[in-house]
Structures are given as C-alpha cells and as structure tokens.
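Okay, here's what each chain looks like letter by letter:
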Amino acid sequence: MANSATELRNGKVGFGWTGRHLFVGVGAQMERSRFGVPFASELHAHDEAGDEAEAFDIDLLSNRRDLRIDTGLRSLGNRFLDNVKVVFAATSYDHDELEVAGGVETVGTQFSNSTRSARVELEQKRMGRLSGRLGVDWFSRDYDSKGEEALSPRTRQQSVSLFAYEEADFGRSRVQFGARVERNAYRPDDRPESSHEH
C-alpha cells in the first residue's frame, strides 16, 4: 500500500541501587518514529476553490523522551515512620505532520506535550491495629500545537493534592478510610487562528 511504511527507533537504559536503608532507581527511554498515512490526498481537501489539488503524502514524525526516578528510605525503625518513597517522572512528546509533495517536505502542523510529576509518600509505623500512609502529589503539563490543523490553544496545567489512607486491622475484618484534597489549575492561551474552516 502506498505511503504505509513505518520506521521506529528506541532505546532504554536503567540503573538501580539498594542499600540498608536508601534505595535509588533511574530509568530513561527515547523513541523516534515515522510512519506514513495512506490516502492522505483523499482525506485532506486542500484546494477550497474546487480545482484539482497536487497529489501529496502525509507522514507523521514523532519523538518521545521519558525519565523516571524512584528513591527513598525503608526500614527506618523510628517512632513515626517505616518508609519514605519519592517518585519523579517526566515525559516529553512532540510530533510533526509532514506534507510531502514532489520530494519536498513541509511541516504542516506541530504538536508538543510535556508532563512532569512528583509524588512523596510517607508510610507510618504501625500503631496497634492502625497502619497507613500520607502523601502529596504534584503534576504539571504544557501542551501546544501550531500550524494549519492546530485546533486548540497552548494550555498549561498545574495540580497538587494531599492524601491520607488509614487501615484498622481487626483480624478477620479490616476497616479502611481515607481522604484526598486536590487543586487543578488550567491556563489556556487564546485559540490559534487556522486557515481551514472547522
């Protein structure tokens, strides 16, 4: 099938270390791909005047990068905490919509989406029948699109939450209860102008 080829390259790397109390793990991944969209000329009406448009192909070129770090302390043995865990993750993704006509590539639309997140979790020392954990979550996103098919504006998101989970163990039965408070904020820019009518 014409313009249906796919090319994919990726790589991963990781590292981990565990000591008596401290542990650390790091992982990273990169991916680059390109694939064609069959029947692109038929699906896109570029000539609004009704004349026959020049034949072209559409390829999507994407890049993705991921990073994750896990670290913390375990078996602390103090009066209040047993374990502390911290997780940080970051993802960066972008792709370009390429219009290929006569061997010439033109970037039609660009999309990008970057996220960052962090989580801190405190596991409390068991006190009689009661055990549980407390924590905080943070998340950030930056989304943007530019070009002819950019329908939505650049939007930045920030969220933060606090949570608590407790469990009371009565042998054959357990009682679980918890709470979570979260705040989300979005900051969109003005909607981009497009040469297409939607």
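Residues numbered from 1 in each chain as written. Predicted model: local features only at pLDDT ≥ 70, side-chain atom pairs only at ≥ 80, totals over all residues. Heavy atoms only, no water.

Draft legend 1. Looking closely at the sheet that holds strand S2 (residues 22-37). Reading across the sheet, the 8 strands line up as S1-S2-S3-S4-S5-S6-S7-S8 and stay open at both edges, with antiparallel pairing between neighbours. In the strand order of this sheet, the two ends are held by strand S1 (6-18) and strand S8 (174-188), each with one partner. Averaged over all adjacent pairs, the angle separating strand axes in this sheet is 10 degrees, with direction ignored. Summarising the sheet, strand S3 (residues 57-73) and strand S4 (residues 81-101) pair through 17 bridges and their orientation is antiparallel. From the neighbouring strand, Ile69 faces S4, where its bridge partner is Phe88. (Pairing = 2+ DSSP bridges. Helix = DSSP H or I, 4+ residues; strand = E, 2+ residues; numbered from the N terminus. Axes fitted to C-alpha atoms, helices over the stretch in contact; angles between N-to-C directions.)

Draft legend 2. A look at the environment of Ser112. Position of Ser112 relative to the elements: it lies in strand S5 (residues 104-124). Residue class for Ser112 comes out partly exposed when judged on its relative accessible area of 28%. On a C-alpha basis, the gap between Ser112 and His95 in space is 6.6 Å, while along the polypeptide they are 17 residues apart. The contact partners of Ser112, leaving out residues within four places of it in the chain, are Tyr93, Asp94, Asp142, Tyr143 and Asp144. (Buried < 20%, exposed > 50% of the residue type's maximum accessible area, 1.4 Å probe, protein only. Contact = heavy atoms within 4.5 Å.)

Draft legend 3. Seen up close, the pattern of salt bridges. A full pass over the atoms with the stated rule returns 15 salt bridges. When the shortest N-O distance is used, the salt bridge between Glu7 and Arg9 registers 3.1 Å. Owing to a relative accessible area of 38%, Glu7 belongs among the partly exposed residues under this scheme. For Arg9, a relative accessible area of 56% corresponds to the exposed category. For Glu167, the salt bridge goes to Arg174, with nearest N and O atoms at 3.4 Å. Each of Arg119, Glu121, Glu123, Arg133, Asp137, Arg180 and Glu182 takes part in a single network of salt bridges with overlapping partners. (Salt bridge = Lys/Arg side-chain N within 4 Å of Asp/Glu carboxyl O.)

Read these as layout, nothing more, since geometry by itself doesn't imply function.
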